[in-house]
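Secondary and tertiary structure notes
Each chain, letter by letter, is given below.
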Amino acid sequence: MLKIAIVGATGIVGQQAIVSLLGHPWFKITKLVASERSAGKKYIDALRDANGSIRWWCPEELPEHIANMVVEEASIFDPKSVDIIFSTMDAGPAKELEPKYAKTTPVISTASAFRYEADTPILVGGVNMDHAALLAVQQKNRGWKGFISPKSNCTIAGLVVSLKPILDNFGVKQVIMTSLQAMSGAGRTPGLSAMDMMENIVPYISGEEPKVETEPQKILGKLTGKTIKNAAFGITATCTRVPVLDGHTVCAFVQTKKKCSPEDVKKAMMDYGKDFAELHLPSSPAHLIDVTDDPFRPQPRVDRDKGGGMTVTVGRIRKDPIIENGIKYVCLAHNTKLGAAKGALQTAEYLVKNYLKLVK
Ligand SMILES: NC(=O)c1ccc[n+]([C@@H]2O[C@H](COP(=O)([O-])OP(=O)(O)OC[C@H]3O[C@@H](n4cnc5c(N)ncnc54)[C@H](OP(=O)(O)O)[C@@H]3O)[C@@H](O)[C@H]2O)c1
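Predicted model only: the values in this text are computed from it and were never measured. (Residues numbered from 1 in each chain as written. Predicted model: local features only at pLDDT ≥ 70, side-chain atom pairs only at ≥ 80, totals over all residues.)

Right, let's talk about the overall build of the chain for a bit. In terms of regular secondary structure, the chain is built from 13 helices and 14 strands. Rg of the C-alpha trace for the chain: 20 Å, near the compact-globule value of 21 Å for 360 residues, within the 12% margin. The dimensions of the chain, computed from C-alpha atoms along their principal axes, are 60 × 50 × 35 Å. Expressed as a percentage of contacts within the chain between residues at least 6 apart in sequence, the contacts between residues at least 24 apart total 73%. (Helix = DSSP H or I, 4+ residues; strand = E, 2+ residues; numbered from the N terminus. Rg over C-alpha atoms; globule rule 2.2 N^0.38 Å. Contact = placed C-beta atoms within 7 Å.)

So this is what it looks like as structure tokens:
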């Protein structure tokens, strides 16, 4: 079994990482790491808020052996004590600590700190696994034995999966999108207040739109030698926060290069991702995309856990009446599973099987 540390283990994504790793056939959690605030405490005590209430976010029971583990401090944690690090901290500490860890140990990160570096791929399961070759360039450039492999922003995790078959079959000229993002996407520090969110929609998420408008082009770009040539389409986005616990919804309007019908798009999406599913990675779903004809779906509560939270649900595929070669649809992805912790785990599984050859 490979030894895993989760750095940022007390946060929403860290908790989801713990749940995703329970009973994993290849990986075993041996270290839980967080900030100075949590260090030295038993994990269960590190989860307590100022009133003593335990902020365990997942519906699954917190296992006793995890509850009793003592949390280590990220700045003095020894990366050589594990085989792989899942970094689920905020971008600020990630920027400082991930390179220190990567000197010796592979880091799979959900933070944005390294996503935009030229020698760093943003791997999304089944979409751009060939970009993993860029990790060797990163290792060489920086003299690291390990590497940093960041996940994408959670809002576009479902969008890029749905766009890939459209891009491959019909080409993409531009994308217009509005997101309806779940509250868990904001994390716990400081987290959102119920008073702000109940019976409400917040039409702005600080720092989100620039990420959403640039990451898909890199993810859907082509690896050419030592860097990625971004896909040549534009995205314009409005990102909103809605009173949903988990599951980010995106309403997308896509202008394709070649004319295509909603039926063509549906078929391309349904046929997509079979090769990747056949790798049978423990965290991969049987279907990367599920297309529904029910006009009332996808809905976060009903559809977010499909495929263990790793399947993207697409519905309402229609012809756009005013955009030339325009197709519109609604897609939904689980933000803390596909969009963060379980997506990171799937990346680790892929890299272990195909890149690291680490399984002991
Ligand atoms: N939530 C999502 O849906 C989602 C999706 C994709 C990506 N992400 C990204 O994933 C990361 C975690 O998000 P989250 O929602 O889980 O946030 P969160 O609930 O606020 O958790 C933040 C975690 O970072 C730790 N941390 C803070 N400062 C630290 C430091 N100086 N050193 C070490 N650890 C530190 C915290 O530990 P303490 O408890 O000890 O303070 C906590 O474990 C962020 O970078 C976020 O942008 C989140």
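Looking at the element boundaries, Lys-319 is found in strand E13 (residues 312–319). On a C-alpha basis, the gap between Lys-319 and Phe-253 in space is 9.4 Å, while along the polypeptide they are 66 residues apart. Those residues within four positions of Lys-319 in sequence are excluded, and the remaining contacts are Pro-262, Gly-326 and Ile-327.

Moving on: the domain arrangement of the chain. Taken domain by domain, the chain consists of domain 1 (2–151 + 340–356) and domain 2 (154–333). On a C-alpha basis, the centres of domain 1 and domain 2 stand 24 Å from each other. The interface is formed by 30 residues belonging to domain 1 together with 26 residues belonging to domain 2. At the level of secondary structure, the elements contributing two or more residues to the side of domain 1 that touches domain 2 comprise helix H1 (12–21), helix H5 (134–142) and helix H13 (341–356). Considering each element in turn, the side of domain 1 that touches domain 2 owes the most residues, 7 residues, to H13. (Domains from an automatic or database assignment.)

Glancing now at the nonpolar core. By size, the foremost hydrophobic cluster in this structure holds 93 residues, and its most contacted members are Ile-4, Ile-6, Ala-17, Val-33, Val-160, Val-312 and Cys-331. Ranked by residues supplied to this core, first place goes to helix H6 (residues 157–170) with 7 residues. The contacts of Ala-17, once residues within four sequence positions are left out, are Ile-6, Phe-86, Thr-88, Ala-341, Ala-344 and Leu-345. (Core = buried A, V, L, I, M, F, W, Y, C linked by C-beta atoms within 7 Å. Buried ≥ 20, exposed ≤ 12 C-beta atoms within 10 Å, placed from the backbone.)

As a further point, take helix H10 (residues 262–271). All buried positions along H10 are accounted for by Val-265, Ala-268 and Met-269. On an axial view of H10, the arc spanned by its buried residues comes to 95°, and they lie on one face. Turned more than 90 degrees away from the buried face of H10 sit Glu-263 and Asp-271, all of them exposed. Next to the buried residues of H10 lie H6, strand E12 (289–292), E13 and strand E14 (326–333). Gly-273 occupies a position one or two residues after H10 and carries a positive phi of about 90°. (Arc of directions from axis to C-beta.)

Below, the discussion takes up the site of the ligand. Near the ligand there are 29 residues, and of these Gly-11, Ala-34, Ala-74, Gly-187 and Arg-188 occur at the shortest range. Put simply, the parts of the chain that give the shell around the ligand at least two residues each are H1 and helix H4 (91–102). Broken down by element, the residue count for the shell around the ligand peaks at 3 residues, all from H1. Taken domain by domain, the makeup of the shell around the ligand includes at least three residues from each of domain 1 (2–151 + 340–356) and domain 2 (154–333). (Near = placed C-beta within 6 Å.)

Residues separated by three or four positions in an α-helix point in the same direction, a consequence of the helix having 3.6 residues per turn. An ideal rise of 1.5 Å per residue puts 22 Å on 16 residues; H13 reaches only 20 Å between its terminal C-alpha atoms. If you look at H13, its biggest bend is around 25°, right at Tyr-350. Of the residues making up H13, those classed as buried are Ala-341, Lys-342, Gly-343, Ala-344, Leu-345, Gln-346, Thr-347, Ala-348, Glu-349, Tyr-350 and Leu-351. In this structure, the buried side of H13 is in contact with H1, strand E4 (84–87), strand E5 (107–109), strand E6 (148–150) and H6. (Expected span 1.5 Å × (residues − 1). Bend = angle between axes of the 7 residues up to and from the residue.)

With mixed pairing, 6 strands are arranged side by side in an open sheet as E10-E7-E11-E14-E13-E12. Every other strand in the sheet has two partners, leaving strand E10 (234–241) and E12 as the edge strands with one partner each. Across the sheet, the mean angle from the axis of one strand to that of its neighbour is 20°, orientation sign disregarded. Running over the sheet, H6 touches strand E7 (172–181), strand E11 (248–256), E12, E13 and E14 and is turned about 20° from E11. Against the sheet, H10 makes contact with E12, E13 and E14, and its axis sits at roughly 165° relative to E13, the strand it touches most. (Pairing = 2+ DSSP bridges. Axes fitted to C-alpha atoms, helices over the stretch in contact; angles between N-to-C directions.)

Here we come to the environment of Pro-321. If you trace the backbone, Pro-321 turns up in the loop between E13 and E14. Each C-alpha atom of the pair Pro-321 and Ser-193 lies 39 Å from the other, and the pair is 128 residues apart in sequence.

Right, let's get into the packing of H1 against H13. Orientation of H1 relative to H13, taken along the N-to-C sense of each, is 50°, at an axis distance of 8 Å. Relative to H13, the element H1 is oriented oblique. Here the hand of the crossing between H1 and H13 comes out right-handed. Here Val-13, Gln-16, Ala-17, Ser-20 and Leu-21 of H1 come into contact with H13, specifically with Ala-341, Lys-342, Ala-344 and Leu-345. Residues of the contact of H1 with H13, tallied by class, amount to 6 nonpolar, 2 polar and 1 charged. (Parallel < 35°, antiparallel > 145°, perpendicular 65-115°, else oblique. Left-handed = near helix turned anticlockwise from the far one by under 90°. Nonpolar A, V, L, I, M, F, W, Y, C, P; charged D, E, K, R; others polar.)

Interaxial distance between H6 and H10 falls to 9 Å at its minimum, and their mutual angle equals 115°. As summarised for this structure, H6 and H10 are arranged roughly perpendicular, according to the angle between their axes. The two elements H6 and H10 cross, and the hand of that crossing is right-handed. In this structure, H6 uses Ser-162, Pro-165, Ile-166 and Asn-169 to contact H10, whose residues at the interface are Val-265, Ala-268 and Met-269. Among the residues making up the contact of H6 with H10, the classes are represented as 5 nonpolar, 2 polar and no charged.

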